[in-house]
Structures are given as C-alpha cells and as structure tokens.
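Below are the chains, spelled out letter by letter.
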Amino acid sequence: MKNEIRNFKLNPLKEPKFIKASFVTYEQNGIAKDWEVVEANDSVAILIYHKEHDSFVLVKQFRPAVYLNNSDGITVELCAGLVDKKLTLEQIAKEEILEECGYDVDAGSIEKIVSFHTSVGFAGSKQTLYYAEVDESMRVSEGGGIDDELIEVVELPTSQAIEFIYDEKVAKTPGLMFAFLWWMRRFGF
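J.: Is there a simple way to explain the overall build of the chain in this structure?
T.: Within the chain, the regular secondary structure consists of four helices and 10 strands. Secondary structure of the chain in N-to-C order comes out as β-β-β-β-α-β-β-α-β-β-β-α-β-α. Its C-alpha atoms give the chain a radius of gyration of 18 Å, near enough to 16 Å, the size a compact globule of 189 residues would have. The dimensions of the chain, computed from C-alpha atoms along their principal axes, are 55 × 40 × 35 Å. Summed over its atoms, the accessible surface of the chain is roughly 12,000 Å², and 51% of this surface lies on carbon and sulfur atoms. The centroid of the 20 positive side-chain charges in the chain is displaced by 4 Å from the centroid of its 32 negative side-chain charges.

J.: Help me understand unusual backbone geometry in this model?
T.: Backbone phi values are negative for most residues with the exception of glycine, while trans is the configuration of most peptide bonds. A positive phi angle, near 50°, is found at Glu15, a position not held by glycine. Note that Glu15 resides in the segment before β1 (19-28). Judged by relative accessible area, Glu15 falls into the exposed class, the value being 76%. Backbone geometry at Asp54 places phi at a positive 45°, although glycine is not the residue there.

J.: Quick question: what am I supposed to make of the packing of aromatic side chains here?
T.: Each aromatic ring pair is summarised here by two numbers: the centre-to-centre distance and the angle between the ring planes. Scanning the model with the defined rule gives 10 aromatic pairs in all. Each ring, one from Phe56 and one from Trp183, has its centre 5.1 Å from the other, and the planes form 85°; the classification is edge-to-face. Taken together, the residues span a long stretch of sequence, with Phe56 in strand β4 (residues 55-62) and Trp183 in helix α4 (residues 174-187) at a distance of 127 residues. In this structure Phe56 comes out as buried when scored by relative accessible area, which is 0%. Trp183 sits in the buried class, given a relative accessible area of 6%.

J.: Would you mind going over the environment of Val120 with me for this structure?
T.: Looking at the secondary structure, you find Val120 in the loop between β7 (111-117) and β8 (126-134). Residues Val120 and Lys9 lie 111 residues apart in sequence; the distance between their C-alpha atoms is 26 Å.

How each quantity is defined
- Residues numbered from 1 in each chain as written.
- Predicted model: local features only at pLDDT ≥ 70, side-chain atom pairs only at ≥ 80, totals over all residues.
- Heavy atoms only, no water.
- Helix = DSSP H or I, 4+ residues; strand = E, 2+ residues; numbered from the N terminus.
- Rg over C-alpha atoms; globule rule 2.2 N^0.38 Å.
- Areas by Shrake-Rupley, 256 points an atom, 1.4 Å probe, with all protein chains shown as cover.
- Lys, Arg positive; Asp, Glu negative; His and termini not counted.
- Charge placed at Lys NZ, Arg CZ, Asp CG, Glu CD.
- Buried < 20%, exposed > 50% of the residue type's maximum accessible area, 1.4 Å probe, protein only.
- Phe/Tyr/Trp six-rings, centres within 6.5 Å; stacked < 30°, edge-to-face > 60°.

It is worth stressing that arrangement in space is one thing and function is another; only the former is reported here.
Below, the structure written as structure tokens:
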C-alpha cells in the first residue's frame, strides 16, 4: 500500500461531522471531578471468513490517529463502519462488506457475536461485532471503499492468526484480536 503522508498538522476541530468533544464535570461520592470526553457514533465490525481460501478478509488503511503514535499510520482491521443510517445493524454490516471488501452477503446470514464499548477512557461508543462467511461466488467487486476511501483488502490465512495477534509491528484493534480468538474457540482451532 502506497502511503506518502505530507503536511500532517493538528488543527482545532470546527463543525465536526462524526464526533463532539466535551469537558464533563460531575460529582462522584461527594468529590467534584472533571474529564474530557468524545461523543462518537456507534459502529459495526465484521469478521469475514473466506471459506475457499481458509482465510480472514481484512482491510488495510491509513488512520491519522494511529499516525500520531507510529511511523506510518497503517492499520490492519476488521471490515467496519459507523452506525450513521436508519438501517438495521445487519444491513449496515452488509453494506460495509460490499463497499470495503467487494462481497455481496445476504444480511440474514450475518451472525452477531457480541456488542462492547470501545475507547472507554474518552469515548465509550458501542461496537457490535458480527461474523460472515464468503466465497468467490459472492465477489462482485474488488472493494476498496467508497468516495475517497483508500482501503486495501487483504487476506490472512487462519493458520497465521495467532502469530498476527502477537505481531506488535502491525497496528491492529483489540476487536480484531478478540474476533480471531472467538473464531478459534468456536471452530476448535
């Protein structure tokens, strides 16, 4: 993946589209406290298993927030997206699989794994984790996202999942690692 980053600057946030930063004040057990928080959309993430390739279908992309803390900002993640439409979570997951990875999956075949809260120190939004299986007959495009998204679809053989979890050179999310472990427990890997 080509990743040439230039003119990277932090700027004040004006008229945000997806998050709202706030300063919270409250009392806990009679003690006045304060905290900085971010209100953010909930999201869905999907562990996609390619049956014919015995691999996980993942996305690789640049994340500006990660760039602040590593040399290139590239992450490997589950297919995911914001809950920002009046659709069921399964329908949003279906759309994300199609847009990001290029597979047309029936929404009824997408299985919910669990919901959990992410970034609990400052945001606390909810992510719902799903599981879907694909094969080449379901491929309708190369994926890569929509509009100006630069998403690379990658496959990771299931035999490399444990090694991948512990590879600290690759920026990844806890949700991805949890999803791999869920899959291994469920399928006796």
